[in-house]
Amino acid sequence: ESEVCLSDGRSDAVVHTKTHTFIFEFKLDESPEIALQQIIYKDYAQAFRHNNKEIIGIGINFTTEKRNIDGWVSQFL
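Bear in mind the structure is a predicted one, so any value in this text is a computation, not a measurement. (Residues numbered from 1 in each chain as written. Predicted model: local features only at pLDDT ≥ 70, side-chain atom pairs only at ≥ 80, totals over all residues. Heavy atoms only, no water.)

Colleague: Could you give an account of the pattern of salt bridges, with specific residues and numbers?
Modeller: Enumeration over the complete set of coordinates arrives at four salt bridges. Note that E3 is salt-bridged to R10, the shortest N-O span being 3.8 Å. Residue classification places E3 among the partly exposed residues on the basis of a relative accessible area of 43%. Residue classification places R10 among the partly exposed positions, given a relative accessible area of 44%. Among the ionic pairs, R49 bridges to D43, the shortest N-O distance being 3.5 Å. On the accessibility criterion, D43 (33% relative accessible area) is partly exposed. (Salt bridge = Lys/Arg side-chain N within 4 Å of Asp/Glu carboxyl O. Buried < 20%, exposed > 50% of the residue type's maximum accessible area, 1.4 Å probe, protein only.)

Printed below as a string of structure tokens:
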């Protein structure tokens, strides 16, 4: 799913598997840590806790200089 509306914002992407839910936040020319902190601060995971799956937040930064992924971080939520 992309642009998933949640109670305190909109996550860029959410991927569901049988055992996990992955919440992605993308940034451009910032940092992957800032992206992950947005997932945590706005508690995007709350909307998926009822599924009883592991939830992982993933922050990804893209850079205009390289026109590619500059870095990523993840954390169990």
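Colleague: Kindly report on a nonpolar patch on the surface, identifying the contributing residues and their values.
Modeller: A contiguous nonpolar patch, built from F26, L28, F62, I69 and W72 and spanning about 500 Å² of accessible area, is present on the exposed surface. Elements with a minimum of two residues in the nonpolar patch: β3 (20-28) and β5 (68-76). Residue position: F26 is located in strand β3. (Patch = residues over 30% accessible without salt bridge, like charges linked within 9 Å, V, L, I, M, F, W, Y side chains within 5 Å. Areas by Shrake-Rupley, 256 points an atom, 1.4 Å probe, with all protein chains shown as cover. Helix = DSSP H or I, 4+ residues; strand = E, 2+ residues; numbered from the N terminus.)

Colleague: Now, about the packing of aromatic side chains: what can you tell me, with residues and values included?
Modeller: In the structure shown here, the tally under the stated rule is two aromatic pairs. Pairing F24 with F26 gives two aromatic rings, centres 6.1 Å apart and planes at 25 degrees, and the pair type is stacked. Using a relative accessible area of 31% as the deciding quantity, one classes F26 as partly exposed. Through pairs of rings, three or more aromatic residues link up here, namely F24, F26 and F62. (Phe/Tyr/Trp six-rings, centres within 6.5 Å; stacked < 30°, edge-to-face > 60°.)

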